[in-house]
Amino acid sequence: MSIRGVQDGSRSPMMITDSFFDDGGSESPTSAVGAEAPRELPNELSAPYEVPQFPIEQIEKKLLIQRQLNVKAAECGQSVRSFAGSEVGGALEEAARFRIPDDDEVDVVLPHFQRVAISGEDTSGVPLEDLQQASSYLVQALEIRKRYMEMSQQSYATITARFVRNMDADAPQNHTPTVKVPKSHIADHIVHPPFKENKDPWECPNPDAKGYTIKSDRGVFNLYRQEGGVESRVPYEYITLTQYIQDMNTMCNMIADGPLKSFCYRRLSYLSSKFQLHVLLNELRELASQKAVPHRDFYNIRKVDTHIHAASCMNQKHLLRFIKKTLKNHADEVVTLHKGTPMTLKAVFQSMNLSTYDLTVDMLDVHADRNTFHRFDKFNAKYNPIGESRLREVFLKTDNYMNGKYFARIIKEVAFDLEESKYQNAELRLSIYGKSPTEWAKLARWAIQYDVHSNNVRWLIQIPRLYDIFKSNKIMNNFQEFLSNIFQPLFEVTNDPNSNTDLHKFLTHVVGFDSVDDESKPENPILDPDVKIPEEWDDEENPPYAYYLYYMYANMTVLNHFRKEQGLNTFVLRPHCGEAGPVQHLVCGFMLAENISHGLLLRKVPVLQYLYYLAQIYIAMSPLSNNSLFLNYHRNPLPEFLARGLCITLSTDDPLQFHFTKEPLMEEYSIAAQVWKLSSCDMCELARNSVLMSGFPHEMKQYWLGPNYMKEGVAGNDITRTNVPDIRISFRYETLLDELTNIFKIQQCATIFSTEVTSLSPPIFKWPFALDVAAAQH
Ligand SMILES: [Zn+2]
């Protein structure tokens, strides 16, 4: 095995032996399994005076496979040499094999840089059995995720999907969405989306009413149509609870498997080291190519704050100024009811013995400090200005005596600031509590009545996990009522848009759902196969995270099928996940969510961390928020995750509680850059990730990242818009291909061999679990 640097298509002098292309029998220690007598088999043969630990036929079989792998490696080497006229190491071998033919490909010039490649026939660093076993687990996990994403119309990394599909011969070949804009037209494709001045922002398609009956079946809403007096279910598929629990158990066993843990840990360490070498060798080139781009720099590339709550999206100074301004100009406006009698804003402040002059940021006391560390309860109380829930109700709620007039005003001020900055965008979370079925109508009325929208803002709906509070306050009897309050109005409005045009219009600006609350609350993280269905869940106890997320996912799946059929926008699941609490939450996120917020606990679970990497799941991290609540800044795993190639974005979470300046997102980037010494290339990569992760429309992303942004590798990058050097994109792409190749190659070999060696003895290489790739049966 050797590490080599490849430069400009020729071998550089630092290259050591290149046993990648040799057969067995070279001088490298791991390739000692030549055709003749094996000289050394670590972990397999003990000292010469002892008998072999393994039966002789197993050793024979292993040698057979090792030889086959060598042949394969040599073949791949050939194909790499011919690829694009240059030799760029093992990374692109699979690209050459699985690539979908594309006319534009001649346009793509692979960047020249120092590539770090590991050669040799066994580059995984673990014994063959372990690699075999690890690979079969990982492939299985990736298949599970692919199935869940496809069924719910959420997106899935196309590169990984291609590898998974290749394992399954019956799968349709061309699933990758293709966007083809010829190279010659890219320059004409302007960077700023052409917004029409007088266009109604709430304009949307208006499909006819479907007239279906909507009924919940064991917690999941289904649609039924009447045909000749017979009621039949509209066959929208979704994953059943039983299937989900089974998959979840499989995944949980997987993350606890010792050899798999070691394998993933090794791969992750390797990825870190590889990135370090890459930076060492290419930092100057990356910087030079950024400098060569006219006009574009970190300040004028698009960034999206992918995790931010609407109720805390302004900073404390902004809120203070807003309160003072409102108190000055609208003192006599009735803002709330006190024991049934109307109360003006002035009266509210008088009742607290306060005047505008007294108000300061210190008095507002909304900022998180050292007292909120590991105290989520104290943190939640910070949402109340001056500790008064009444002020929160007046200023920071959509549903109050004035239908959220002030809240709409301050959100519009924040949106105006974003528009001013031009390149910053945000995905604000608005709450739906599931307390009453009228919440959606009120929220939509709020948005339409006050015309709260911006080209720089998209909405996510956050659903706090508060069933237990409602239950103990006797607002509801069982969990089904909670689900009905959230999902029934959405099905009804999709079934007949005219039943609530406000909601219908508002939903076109909503990109997905978020699940929020303190994850560290005690719970049983694993679901029992005989867990109660929502209608029977009448305990005082809150259902676990996995249960909440499943029902959000399943209902969203059916809703997405229904909406897609009507030509309407669909939703994605983007929960808070892995901020604290049990690591099993991250298993739920892996299976159900398109992307997640936080993901801090991935640092403790190498298997999941590696899977999040392979599946390229986006993670919105907020190190400043973590610093106040759960994890000190210097211990935050963000730089490590980023180095390894996980898809990380930087987000603010709650500027009201954590930030000081008018541009909280820039503050977040700035601190990260200072503390972790991020390069300009790293920062631009984070920004590009944030656009990719966001729910902004495809056309908008084409303007921001380049018309071909969905293509893999360098072909999808336009440095004149993203300011990310092709070198970095190429490095990430080739590294990911390398990892996937490692894992899938051994799987394919195993499939070939398990048929060939069966005549000798029972196959040792088989799937650890019976794979159930069939869709959920209803
Ligand atoms: Zn949050």
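Sequence positions are assigned chain by chain, starting from 1 and proceeding in written order. Given that the model is predicted, a residue must reach a pLDDT of at least 70 before its local features are reported, and side-chain atom pairs must reach 80 or more before they are shown or counted; all residues, however, enter totals for whole chains, interfaces and linings.

Under an unreviewed UniProt entry, the name given to the chain is AMP deaminase, and the organism recorded is Parnassius mnemosyne. UniProt positions are given in the numbering used here, feature names are shortened, and annotations may be inferred rather than shown by experiment. Quoted verbatim from the Cofactor (unreviewed entry) field of UniProt, the annotation for the chain is "Zn(2+)". For the chain, the Function (unreviewed entry) comment in UniProt is given as "AMP deaminase plays a critical role in energy metabolism. Catalyzes the deamination of AMP to IMP and plays an important role in the purine nucleotide cycle."

Q: Break down the overall build of the chain for me, with residues and values.
A: Strands are runs of DSSP state E lasting at least two residues, helices are runs of H or I lasting at least four, and both sets are numbered from the N terminus onward. When helices and strands are counted, the chain shows 28 helices and 17 strands. Taken over 778 residues, the chain has a buried fraction of 44%. Neighbour density around each residue's C-beta defines its exposure: 20 or more other C-beta atoms within 10 Å make it buried, 12 or fewer make it exposed, and counts between make it partly exposed, where C-beta atoms are placed from the backbone.

Q: With reference to specific residues and values, describe the sheet that holds strand β13 (residues 572-573).
A: Paired strands, in this sense, are two strands between which DSSP finds at least two bridges. Pairing is parallel in the open sheet, where five strands are placed in the order β7-β10-β11-β12-β13. Strands with a single pairing partner mark the edges of an open sheet, and in this sheet they are β7 (303-309) and β13. Bridging between β7 and strand β10 (residues 424-431) involves five bridges; their strand directions are parallel. The partner of Val304 across the bridge, within β10, is Asn425. C-beta atoms are first placed from the backbone for all residues, and any pair lying within 7 Å is then listed as a contact. For helices, the fitted axis covers only the stretch in contact; all axes are lines through C-alpha atoms, and the angles between them, taken along N-to-C directions, range from 0 to 180 degrees. Strands β10 and β11 (457-464) of the sheet are contacted by helix α13 (residues 405-421), whose axis makes an angle of about 160° with β10.

Q: Could you give me a rundown of the packing of helix α18 (residues 545-565) against helix α19 (residues 584-592), with the residues and numbers involved?
A: The contact between α18 and α19 brings their axes to 10 Å, and the two run at 10°. Between α18 and α19, the crossing angle belongs to the class labelled roughly parallel. Note on element contacts: α19 touches α18 through Gln584, His585, Cys588 and Leu592, opposite Tyr545, Ala546, Leu549 and Tyr553. Throughout this entry, Asp, Glu, Lys and Arg are counted as charged residues, while Ala, Val, Leu, Ile, Met, Phe, Trp, Tyr, Cys and Pro are counted as nonpolar. The remaining residues, Gly among them, count as polar. In terms of residue class, the contact of α18 with α19 is built from six nonpolar, two polar and no charged. Roughly parallel refers to an angle under 35 degrees, roughly antiparallel to one over 145, roughly perpendicular to one between 65 and 115, and oblique to any angle outside these ranges.

Q: Pulling in residues and values, what's your account of the environment of Phe395?
A: By the element assignment, Phe395 lies in helix α12 (residues 389-396). Its 23 C-beta neighbours within 10 Å are what place Phe395 among the buried residues. Distance from Phe395 to Lys405, taken between C-alpha atoms, is 8.2 Å for residues ten residues apart in sequence. Apart from residues no more than four positions distant in its own chain, Phe395 is found in contact with Ile323, Pro385, Tyr406 and Phe407.

Q: An account of the pairing of strand β6 (residues 230-233) is needed here, citing residue identities and associated values.
A: Here strand β5 (residues 220-227) pairs with β6 via four bridges, running antiparallel. Bridge assignment links Glu227 to a residue of β6, and that residue is Val230.

Q: So what's going on with the packing of α19 against helix α20 (residues 606-614)? Residues and values would help.
A: Running from N to C, α19 and α20 point in directions that differ by 20°, and their axes come no closer than 11 Å. For the element pair α19 / α20, the angle class is roughly parallel. Viewed along their axes, α19 and α20 form a crossing whose handedness is left-handed. Mapping the contact onto sequence places Leu586, Val587 and Phe590 in α19 and Leu608, Leu611 and Tyr612 in α20. When the residues that make up the contact of α19 with α20 are grouped by side-chain class, the tally is six nonpolar, no polar and no charged. Left-handed describes a crossing whose near helix is turned anticlockwise from the far helix by less than a right angle; the clockwise case is right-handed.

Q: Describe helix α4 (residues 158-167), naming the residues involved and giving the relevant values.
A: In terms of burial, α4 is a largely internal element, seven of the ten residues being buried. Turning to α4, its buried residues are Ile159, Thr160, Ala161, Arg162, Phe163, Val164 and Arg165.

Q: Describe the nonpolar core, and please don't skip the residues or the numbers.
A: Ranked by internal contacts, the top residues of the largest apolar core, which has 167 residues, are Leu608, Leu611, Tyr612 and Ile619. Counting the residues that make up this core, at least three belong to each of domain 1 (2-149 + 152-172 + 174-178 + 244-289 + 735-759) and domain 2 (297-722). Residues in contact with Leu608, not counting those within four places in the same chain, are Ile255, Leu586, Val587, Phe590 and Leu602. For the purposes of this analysis, a nonpolar core is taken to be any set of buried Ala, Val, Leu, Ile, Met, Phe, Trp, Tyr and Cys residues that are connected through C-beta atoms within 7 Å. All domain edges in this entry derive from an automatic or database-based domain assignment.

Q: Please provide a residue-by-residue account of the confidence of the model for the chain, values included.
A: Known as pLDDT, the predictor's per-residue confidence is scaled from 0 to 100. For the chain, per-residue confidence averages 82 on the pLDDT scale, and residues scoring 70 or more make up 79% of the total. The model gives residues 76-91 a pLDDT under 50, and that stretch makes 35 contacts with residues more than four places away or in other chains. When the criterion is pLDDT under 50, residues 756-778 qualifies, and its contacts beyond four places in sequence or with other chains add up to 29 contacts.

Q: Could you give me a rundown of the sheet that holds strand β17 (residues 647-650), with the residues and numbers involved?
A: Read across the open sheet, the four strands follow the order β14-β15-β16-β17; overall the sheet is parallel. Taken across any chain shown, the strands that pair with only one partner, and hence form the sheet edges, are β14 (576-577) and β17. Strand direction decides the pairing type here: strand β15 (residues 596-598) and strand β16 (residues 618-621), joined by two bridges, are parallel. Bridge pairing links Ile596 to Ile619 in β16. Here helix α25 (residues 680-693) sits on the sheet in contact with β16 and β17, set at roughly 100° to β17.

Q: Explain helix α16 (residues 479-495) to me, using residue names and the numbers behind them.
A: Taking 1.5 Å of rise per residue, 17 residues should cover 24 Å, and α16 covers 24 Å from first to last C-alpha, within 8% of that figure. Taken as a whole, α16 carries its principal kink of about 35° at Asn485; the proline Pro489 stands between one and four residues after it. Counting buried positions along α16 gives 13 out of 17 residues, so the element sits mostly inside the fold. In this scheme, a helix's expected span is set at 1.5 Å multiplied by one less than its residue total. Bending is quantified residue by residue as the angle between axes fitted to the seven-residue window ending at that residue and the seven-residue window starting at it.

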